[in-house]
Structures are given as structure tokens and as C-alpha cells.
Amino acid sequence: MADDGLESALPVGPPAPPMELSTARADPVLPEGFGLTDLMLLGMAFIWGVNFTVVKYGTAVVAPLAFNGARMLLASVALWVVVALTRPARMARRDVVALLALGVLGNGVYQYLFVQGIALTRAGNAALMLAATPAFVALFGRMRGVERTGLRALGGIILSVVGIGVIVLSTAQGESDGTASVAGDLLVLGGCLSWALYTVLLKPYTHRVDGVQLSAMTMASGTVALLIVAAPALVAAPWASLPAAGWGAVIYSGLGALVIAYLFWYRGVRVLGPTRAAMYSNLQPVIAIFIAWLVLAEVPTILQGVGALLILGGLLLTRSSR
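Residues numbered from 1 in each chain as written. Predicted model: local features only at pLDDT ≥ 70, side-chain atom pairs only at ≥ 80, totals over all residues. Heavy atoms only, no water.

Visitor: Would you take a moment to explain the overall build of the protein chain for this structure?
Guide: Regarding its fold elements, the protein chain presents 12 helices and zero strands. Across the 322 residues that make up the protein chain, the buried fraction comes to 57%. When contacts within the protein chain are restricted to residue pairs at least 6 apart in sequence, long-range pairs at least 24 apart make up 88% of them. If you sum the accessible surface of the protein chain, you get close to 12,900 Å²; carbon and sulfur atoms cover 71% of it. (Helix = DSSP H or I, 4+ residues; strand = E, 2+ residues; numbered from the N terminus. Buried < 20%, exposed > 50% of the residue type's maximum accessible area, 1.4 Å probe, protein only. Contact = heavy atoms within 4.5 Å. Areas by Shrake-Rupley, 256 points an atom, 1.4 Å probe, with all protein chains shown as cover.)

Visitor: Could you clarify how one ought to interpret the nonpolar core in this entry?
Guide: Here is a general trend for soluble globular proteins: nonpolar side chains tend to be buried in one another's company. Ranked by size, the top nonpolar core spans 83 residues in total, and within it Met44, Phe52, Leu99, Phe114, Ile164 and Trp239 carry the most contacts. Counting residues per element, this core draws most heavily on helix α9 (residues 244–272), at 11 residues. (Core = buried A, V, L, I, M, F, W, Y, C linked by side-chain atoms within 4.5 Å.)

Visitor: Please clarify how the packing of aromatic side chains should be interpreted in this entry.
Guide: Two numbers describe a pair of aromatic rings. These are the distance of the centres and the angle of the planes. By the definition in use, this model includes five aromatic pairs. Ring geometry for phenylalanine 52 versus phenylalanine 114: centroids 5.9 Å apart, planes at 80 degrees, classification edge-to-face. With phenylalanine 52 in helix α1 (residues 36–61) and phenylalanine 114 in helix α3 (residues 93–118), this pair connects stretches of sequence that are 62 residues apart. For the ring pair tyrosine 110 and tryptophan 195, a centre distance of 5.6 Å and an interplane angle of 55 degrees mean the geometry is tilted. Here tryptophan 195 lies in helix α7 (residues 182–206) and tyrosine 110 lies in helix α3, a separation of 85 residues in the sequence. For the pair tyrosine 110 and tryptophan 195, a shared accessibility class is recorded, and that class is buried. Members of the aromatic cluster, connected to one another through ring pairs, are Phe52, Tyr110, Phe114, Trp195 and Tyr198. (Phe/Tyr/Trp six-rings, centres within 6.5 Å; stacked < 30°, edge-to-face > 60°.)

Visitor: Help me understand a nonpolar patch on the surface in this model?
Guide: Together, Phe34, Leu36, Leu39, Leu42 and Leu283 give the surface a local cluster of nonpolar side chains, amounting to about 460 Å² of exposed area. You can see phenylalanine 34 is positioned in the segment before α1. A relative accessible area of 53% means that phenylalanine 34 is categorised as exposed. (Patch = residues over 30% accessible without salt bridge, like charges linked within 9 Å, V, L, I, M, F, W, Y side chains within 5 Å. Salt bridge = Lys/Arg side-chain N within 4 Å of Asp/Glu carboxyl O.)

Visitor: In this structure, what is going on with helix α5 (residues 133–143)? I would like to understand it.
Guide: Quick reminder: α-helices carry 3.6 residues per turn. Residues three or four places apart thus point the same way. Counted residue by residue, α5 has eight buried out of 11 residues, so it is predominantly covered. Within the span of α5, buried status applies to Thr133, Pro134, Ala135, Phe136, Val137, Ala138, Phe140 and Gly141. Note on α5: the residue one or two positions beyond its end, glycine 145, has a positive phi of about 80 degrees.

Visitor: What am I meant to see in α3 here?
Guide: Spanning 26 residues, α3 covers 36 Å between terminal C-alpha atoms, matching the ideal 38 Å at 1.5 Å per step. Of all the bends in α3, the greatest, near 30 degrees, is centred on glycine 103. (Expected span 1.5 Å × (residues − 1). Bend = angle between axes of the 7 residues up to and from the residue.)

Visitor: How do you make sense of the pattern of salt bridges when you look at a structure like this?
Guide: In a structure, side chains of opposite charge can pair up when their charged atoms sit close to one another. Applying the stated criterion across every chain, the model contains one salt bridge. A salt bridge links aspartate 95 to arginine 208, with the nearest nitrogen and oxygen atoms 3.0 Å apart. Of this pair, aspartate 95 sits in helix α3 while arginine 208 is found in the loop between α7 and α8 (211–236), placing the two residues 113 residues apart along the sequence.

Visitor: Sorry, what's going on with unusual backbone geometry here?
Guide: Most peptide bonds are trans, and most residues other than glycine sit at a negative phi. Look at arginine 87: it is not a glycine, yet its phi comes out positive at around 50 degrees. Mapped onto the fold, arginine 87 is located in the loop between α2 (64–86) and α3. Overall, the relative accessible area of 73% leaves arginine 87 in the exposed class. Positive phi, normally seen in glycine, also occurs at alanine 297, with a value near 60 degrees. Along the chain, the position of alanine 297 falls in the loop between α11 (284–296) and α12 (302–319).

Visitor: Is there a simple way to think about the environment of asparagine 51 in this case?
Guide: Residue placement: asparagine 51 occurs in helix α1. Once the C-alpha coordinates of asparagine 51 and glutamine 284 are considered, the two residues, 233 residues apart in sequence, prove to be 9.7 Å apart. Within the local environment of asparagine 51, its side chain forms a polar contact with the side chain of serine 253, the two groups lying 3.0 Å apart. (Polar contact = N/O pair within 3.5 Å; in protein donor to acceptor, adjacent residues only side chain to side chain.)

Visitor: How should I be thinking about the environment of alanine 89 in this particular structure?
Guide: In this structure, alanine 89 sits in the loop between α2 and α3. Considered as a pair, alanine 89 and aspartate 210 are 121 residues apart in the sequence and their alpha carbons are 7.8 Å apart.

Visitor: Explain the packing of helix α4 (residues 123–130) against α7 here, please?
Guide: The packing of two helices is summarised by the inter-axis angle and the distance between the axes. Between α4 and α7, the shortest axis-to-axis distance is 9 Å and the interhelical angle comes to 30 degrees. Looking at the two axes, α4 sits roughly parallel to α7. Helix-helix and strand crossings are classified by hand; for α4 and α7 the assignment is right-handed. Between α4 and α7, the residues in contact are Asn125, Ala126, Met129 and Leu130 and Asp185, Val188, Leu189 and Cys192, respectively. Looking at the contact of α4 with α7, its residues break down into six nonpolar, one polar and one charged. (Axes fitted to C-alpha atoms, helices over the stretch in contact; angles between N-to-C directions. Parallel < 35°, antiparallel > 145°, perpendicular 65-115°, else oblique. Left-handed = near helix turned anticlockwise from the far one by under 90°. Nonpolar A, V, L, I, M, F, W, Y, C, P; charged D, E, K, R; others polar.)

This is how it looks when you write it as C-alpha cells:
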């Protein structure tokens, strides 16, 4: 996989397996045994795994743009409250401008494509396709000359791309019984690519900007960009008649997936190191598929299973290349 400095620790609601990029350095001596930080990372994987089903439900009871705008606005406010409480060092003006611009790509464009896509496809499909994000991070890093990609990593990238193709083929052949569409799969794939590019472009700033501050800054600009598009849907949404479960989905996806789970991840990177912390993120697609099966009755298909094996195999190859 890409080296520890290249992969992002930012939450994406839900992200692909969190990519290993953070301003925090691991403690020189890792704690022995299973402790509180491990429990937090398990909680993180569970929150993000469940979030695929939550977003799928939320976009069924309210327009996807309205749901996305509400949860991102909630997350942005919460993150800035955390920044105010932690009082990180003042940022350089050039970094502020750059992060605001990158936030439009990493949170505005990505979140739009992700939520619009998951509204049109299976939660399991979305989880598996986003699991391939690290392979695209390695590919973009190689293209920009900031990542050395060996034959094993290239093999992992190819496996992941083939796995995505198999999942799209599964959808095209109607294996999902009408619960997914090729358009939905392609929107999620577009989100995957936009997040991967964002991750590579973000790398230089993670070495000098506090992680929570960086997340709040990029979330804010992404939220503003999304609200420009989502404003009509937000105004037209039937918030007064929204069921309690609908409000719960907005709160869970906004505060749980985009704030709490991220803070758990950030602690994991600081205490255990990005590589060890990232191992917990590999549980996300498994949790997502199981919850979607249990709650949404999304029975895994044969081709979906083949695609999952290819993507996860590609992920392991890419990770083990370092």
C-alpha cells in the first residue's frame, strides 16, 4: 500500500478503509495487549460499516441532496466546536486557501457522488467499491511521482479494478433484483476516484496542520459547495413530517460517521500508528455487507462475492507491497 504518509485519516461518511495520512505520529513504543484504543477502532469500523445502510435508508425517506446537506452541515458545525475546544495553532494563510479548495473536491464532490450513488445502488456494492480506494491512491501517487509502486502493488491495483468491473457486471446482469443500478455503481466509483485524488493532493498539508483542524477546514468548504447545489432540496424537504428514524439517520451519519468515528480513528493513528490502525478499517466492507443483508435484505450475489474477493485481495497485495 501507499506509505504511511500518503493515506488519509479523514472520515468521508463513510470513507473507504481510512487511508493512512495524518499529522499525528505514533508513540515510539506501542502499547501491548488489547486496550481502549483498540475498542475505539472497532467502534470506528462498526460506525462506518453501519453507515452505508443508514445512508441508504436516509436517502429513501428524504431526497439524497437534502439528506447529504443536512448531515454535512451538522458535521461541519460539530467539528468546528471541537476545534474551538482544542485551540490548535494558527494556520498559514496559504494553507487555509489550499485546504478550502481541496475540501471542495474531497468533501463536496466526493460526498455528492457517494450519496447520490448509494441512493441508486446497493449498500454492499458501495462498501466494496470504496474498499478499492487505497489502490487508486497508490495509482495517483505513482502518477504524481510521490509514490513508488512495485509490481506487487500494481498487481493489487489491477485486481481491485477487475473486482469493481465484476461488481458493475453483476449489477448490469440484474443479479441485484433491481435494488442496484449501473449508474449508482458508477457514481460511487466517481466518488472513490475523487477521494483518492484528494488524498494524494492533501499529503503535504498533513505534515504541518493539526488533523482535527484540517478536517474541519476541508469539511466546511465541502459543505458550502454542496449546499449551493442542495439548497433547493433542503428547503423543499418535508422536515416537519420526517419520521424519527429519518432524523436518527441524519444525526448518526453526520455526528457518528463524520465526527465521532473520525476522532476514534485519529486517536488510533496517534497511539497505535497508521498501519496497525488501518487493519481495523478492513472490517468495514464485511460489516457493511452483513448489516445491509440483515436490515435491507440485500442478499449477497455470486458475482458480488467474486468482486469482493478480488478487491480485498488487491487491497492486501497493495498493503503488503510496503
